[in-house]
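Take a look at the letters that make up each chain.
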Amino acid sequence: MTGAGTNRTKTSLGGGPAIILVRPQLAVNIGMSARAMANFGLTDLRLVSPREGWPRTGAYRKGAYAAAAGAVHLLESARLFDTVEAAILDLNCVWATTARERGQHKKILTPAEAMPECARKITAGEKHGVLFGPERTGLANDEVALADAIITFPVDPAYASLNLAQAVLLTGYEWMRAATDAKPPYPVIPRSPPAPREMTLSFFDYLEAELDRAGFFRPKSKQPVMRRNLRNIFHRMQLTEQDVRSLRGMAVRLVEGPRVTGKPAGDPAKGSPNEDG
């Protein structure tokens, strides 16, 4: 099953550090980790002694593949290892994730600090991997000792335990930010041009006249300040032509009441021919 936002016509980014799940216990967490990897262009999934073996069969397989939500290609290409040592033999740098201080005198970084360094070195030709421990206990101290540095997450110290897939997701997000220009995946397409000043001033004149008639500007001594404040509210919005037409149309209906069938919608020259936006 694929979700909203999946587009098979676009090329996946690919690359990044290997994601190494050490003794993962739950099939669903392996599947969700694969999905998190796919979200951020990570393609190298390595499994060290999964509790129920791999590849999954029966209900375990079904749970992992359902949780992957379209990233089953990562599950199918995942490599299986008996030990952490075997899983990291081809890597130049290994990062270990942990929520606990291990007293190993290693460099300790957040994902936001670690992934830019990781991206620079991968671009230079190095191969990196990130170790994630089993859900219940995390990595063993001897496994952390195999790493060059530690990644830890800025979480509430009173509840620092992250779900395995969440940890993979946060790491992948910071990888994507570091490895790309981190722009939105699609541009904002303007639907209406910015409103010309003549149009906004005409709207202000109409609105202020009706507000004055309704007794809004009280006391009179504060009227200039109230007008400026009101205009500044709209100026901060950077109104488009359609915005002004919609706002003016709403004001017209509030002033004139319900539209009478067959009655002209307004004077186009005043910028209010379209009240419905």
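See above for the structure.
Structural notes, computed from the coordinates. Every value quoted in this text rests on a predicted model; they were computed, and no experiment measured them. (Residues numbered from 1 in each chain as written. Predicted model: local features only at pLDDT ≥ 70, side-chain atom pairs only at ≥ 80, totals over all residues. Heavy atoms only, no water.)

**Points about a nonpolar patch on the surface**
Among the surface-exposed residues, Leu 26, Val 28 and Met 32 lie close enough to one another that they form a single nonpolar patch of about 220 Å² accessible area. By the element assignment, Val 28 lies in helix 1 (residues 27-39). On the basis of relative accessibility, which here comes to 37%, the residue Val 28 falls in the partly exposed class. (Patch = residues over 30% accessible without salt bridge, like charges linked within 9 Å, V, L, I, M, F, W, Y side chains within 5 Å. Areas by Shrake-Rupley, 256 points an atom, 1.4 Å probe, with all protein chains shown as cover. Salt bridge = Lys/Arg side-chain N within 4 Å of Asp/Glu carboxyl O. Helix = DSSP H or I, 4+ residues; strand = E, 2+ residues; numbered from the N terminus. Buried < 20%, exposed > 50% of the residue type's maximum accessible area, 1.4 Å probe, protein only.)

**Topic: the pairing of strand 6 (residues 128-132)**
Along strand 6, 5 of the 5 residues are buried, which leaves the element largely enclosed by surrounding structure. In strand 6, alternate side chains face the same way, and those of His 128, Val 130 and Phe 132 on one face and Gly 129 and Leu 131 on the other are all buried. Relative to strand 6, strand 1 (residues 18-22) runs parallel, the two being bridged by 4 bridges. Each residue of the ladder has a partner; that of Ile 19, found in strand 6, is Val 130. (Pairing = 2+ DSSP bridges.)

**Quick notes on the nonpolar core**
With 34 residues, the main nonpolar core has Ile 19, Leu 21, Leu 45, Leu 75, Trp 95 and Phe 132 as its most contacted residues. Broken down by element, the residue count for this core peaks at 5 residues, all from helix 1. Ignoring any residue separated from it by four or fewer positions in sequence, one finds Trp 95 in contact with Leu 109, Ala 114, Glu 117, Cys 118, His 128, Gly 129, Val 130, Leu 131, Ala 147, Ala 149 and Ile 151. Ile 20, Val 94, Leu 131 and Ala 147 belong to the second largest nonpolar core, which has 16 residues in total. (Core = buried A, V, L, I, M, F, W, Y, C linked by side-chain atoms within 4.5 Å. Contact = heavy atoms within 4.5 Å.)

**Some remarks on the packing of aromatic side chains**
Scanning the entire structure with this criterion turns up 5 aromatic pairs. Pairwise contacts between aromatic rings join Phe 203, Phe 204 and Phe 234 into one cluster. Lying over the aromatic face of Phe 217, Arg 227 brings its terminal NZ or CZ to 4.7 Å of the ring centre. (Phe/Tyr/Trp six-rings, centres within 6.5 Å; stacked < 30°, edge-to-face > 60°. Lys NZ or Arg CZ within 6 Å of the ring centre and 35° of its normal.)

**Overview of the pattern of salt bridges**
Enumeration according to the criterion identifies 15 salt bridges in this entry. Salt-bridge contacts for Asp 90 lead to Arg 46; the nearest nitrogen and oxygen are separated by 2.8 Å. One end of the pair, Asp 90, is in the loop between helix 4 (84-87) and strand 4 (93-97); the other, Arg 46, is in strand 2 (residues 45-48), with 44 residues separating them in the sequence. Judged by its relative accessible area of 32%, Asp 90 is partly exposed. Its salt-bridge partner being Arg 231, residue Asp 205 comes within 3.5 Å of it at the nearest N-O pair. Taken together, the residues span a long stretch of sequence, with Asp 205 in helix 8 (residues 197-213) and Arg 231 in helix 9 (residues 223-236) at a distance of 26 residues. Asp 205 gets classed as partly exposed once you look at its relative accessible area, which sits at 47%. Bridged by salt links that share partners, the residues Asp 44, Arg 46, Arg 79, Asp 90 and Lys 127 form one connected network.

**Overview of the pairing of strand 4**
Most of strand 4 sits out of view: 5 of its 5 residues are buried. As paired elements, strand 4 and strand 6 share 4 bridges and run parallel to each other. Bridge assignment links Trp 95 to a residue of strand 6, and that residue is Val 130.

**Comments concerning the packing of helix 8 against helix 10 (residues 241-256)**
Contact geometry of helix 8 with helix 10 gives a least axis separation of 10 Å together with a crossing angle of 20°. By the criterion of interaxial angle, the relationship of helix 8 to helix 10 is roughly parallel. Both helix 8 and helix 10 take part in a crossing whose hand is left-handed. Packed against helix 8, whose contacting residues are Met 199, Thr 200, Ser 202, Phe 203, Tyr 206, Leu 207, Glu 210 and Arg 213, the element helix 10 presents Glu 241, Val 244, Arg 245, Leu 247, Arg 248, Ala 251, Val 252 and Val 255 at the interface. Residue classes in the contact of helix 8 with helix 10 are distributed as 9 nonpolar, 2 polar and 5 charged. (Axes fitted to C-alpha atoms, helices over the stretch in contact; angles between N-to-C directions. Parallel < 35°, antiparallel > 145°, perpendicular 65-115°, else oblique. Left-handed = near helix turned anticlockwise from the far one by under 90°. Nonpolar A, V, L, I, M, F, W, Y, C, P; charged D, E, K, R; others polar.)

**Overview of the sheet that holds strand 4**
Strand order in this open sheet of 7 strands is 3-2-1-6-4-7-5, and the pairing throughout is parallel. Lying at the two open borders of the sheet, with one neighbouring strand each, are strand 3 (79-81) and strand 5 (107-109). Adjacent strand axes in the sheet meet at a mean angle of 25°, parallel and antiparallel pairs treated alike. Here strand 4 pairs with strand 7 (residues 149-151) via 3 bridges, running parallel. The residue bridging Thr 97 from the neighbouring strand is Ile 151, located in strand 7. Packed onto the sheet, helix 5 (residues 111-123) meets strand 4, strand 5, strand 6 and strand 7 and runs at close to 110° relative to strand 5.

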